[in-house]
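Here is how the chains run, residue by residue.
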Amino acid sequence: QVQLVESGGGLVQAGGSLRLSCVMSGSFFRPFTMNWYRQAPGKQRELVAAITTGGSSNYADSVKGRFTISRDNAKATVYLQMNVLKPEDTAVYYCNAVYFVAGITYWGQGTQVTVSS
């Protein structure tokens with residue numbers, strides 16, 4: 001059974017930093033494109049950052065220059081380094097794994113990030 005387990009969320013003041021981690025178990029990690037999504041109360045889930053199997057990354061405009069996604073294939077882990085956090089970054093952050101060739105996707109359970117002003 002494939003599992004994605006996020007960690008690293010919490011409460012931080014505006015301007016602070018957090019580092020989210022997502023560990024995959026039960027599957028070979030390398031073929032998956034890894035994404036971080038977030039969902040704020042009353043809003044739709046949105047894609048924050050993505051990293052391909054080759055290490056190319058993309059970001060939502062709202063987080064460019066502040067967030068960095070990275071992956072460690074040996075540890076089957078994807079990270080999201082979040083700097084200069086703003087109150088509008090408050091949301092539940094979800095890890096997502098997509099294996100496009102096989103049409104497979106997995107989701108983590110989410111981790112809460114709260115940024116106080």
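Quick note: structure is the one above.
What comes next concerns the included structure.

Calculation criteria
- Residues numbered from 1 in each chain as written.
- Predicted model: local features only at pLDDT ≥ 70, side-chain atom pairs only at ≥ 80, totals over all residues.
- Heavy atoms only, no water.
- Pairing = 2+ DSSP bridges.
- Helix = DSSP H or I, 4+ residues; strand = E, 2+ residues; numbered from the N terminus.
- Axes fitted to C-alpha atoms, helices over the stretch in contact; angles between N-to-C directions.
- Buried < 20%, exposed > 50% of the residue type's maximum accessible area, 1.4 Å probe, protein only.
- Contact = heavy atoms within 4.5 Å.
- Polar contact = N/O pair within 3.5 Å; in protein donor to acceptor, adjacent residues only side chain to side chain.

**Looking at the sheet that holds strand β7 (residues 67–72)**
If you trace the four strands from one edge of the open sheet to the other, you get β1-β3-β8-β7, paired in antiparallel fashion. Each of the sheet's edge strands pairs with one partner strand only, and the pair in question is β1 (3–7) and β7. Shown here is a sheet whose adjacent strand axes are inclined to one another by a mean of 15°, direction ignored. Summarising the sheet, β7 and strand β8 (residues 77–82) pair through six bridges and their orientation is antiparallel. Counted as the bridge partner of S70 is Y79 from β8.

**Let's talk about the environment of Y106**
Examined against the element boundaries, Y106 turns out to sit in strand β10 (residues 104–107). Residue Y106 is classed as partly exposed on the basis of its relative accessible area, which comes to 26%. Residues Y106 and L4, spaced 102 residues apart in sequence, show a C-alpha to C-alpha distance of 7.4 Å. Residues contacting Y106, with those up to four places away along its chain left out, are V2, L4, F32, C95, N96 and A97.

**Points about the side chain of R38**
Position of R38 among the secondary structure elements: in strand β4 (residues 33–39). R38 gets classed as buried once you look at its relative accessible area, which sits at 6%. In this structure the side chain of R38 is engaged in a polar contact, spanning 2.6 Å, whose partner is the side chain of E46. Within the structure, R38 has its side chain in polar contact with the side chain of Y93 (distance 2.9 Å). Aside from chain neighbours lying at most four places away, what touches R38 is Q44, R45, E46, V48, S62, V63, F67, E88, D89, A91, V92 and Y93.

**Details of the pairing of strand β3 (residues 18–25)**
Within a regular beta strand, the side chains point alternately toward one face of the sheet and then the other, so they alternate between its two faces. Relative to β3, β1 runs antiparallel, the two sharing five bridges. From the neighbouring strand, V5 faces β3, where its bridge partner is V23. In terms of strand pairing, β3 meets β8 through six bridges, oriented antiparallel. Of the residues in β8, the one forming a bridge with L20 is L80.

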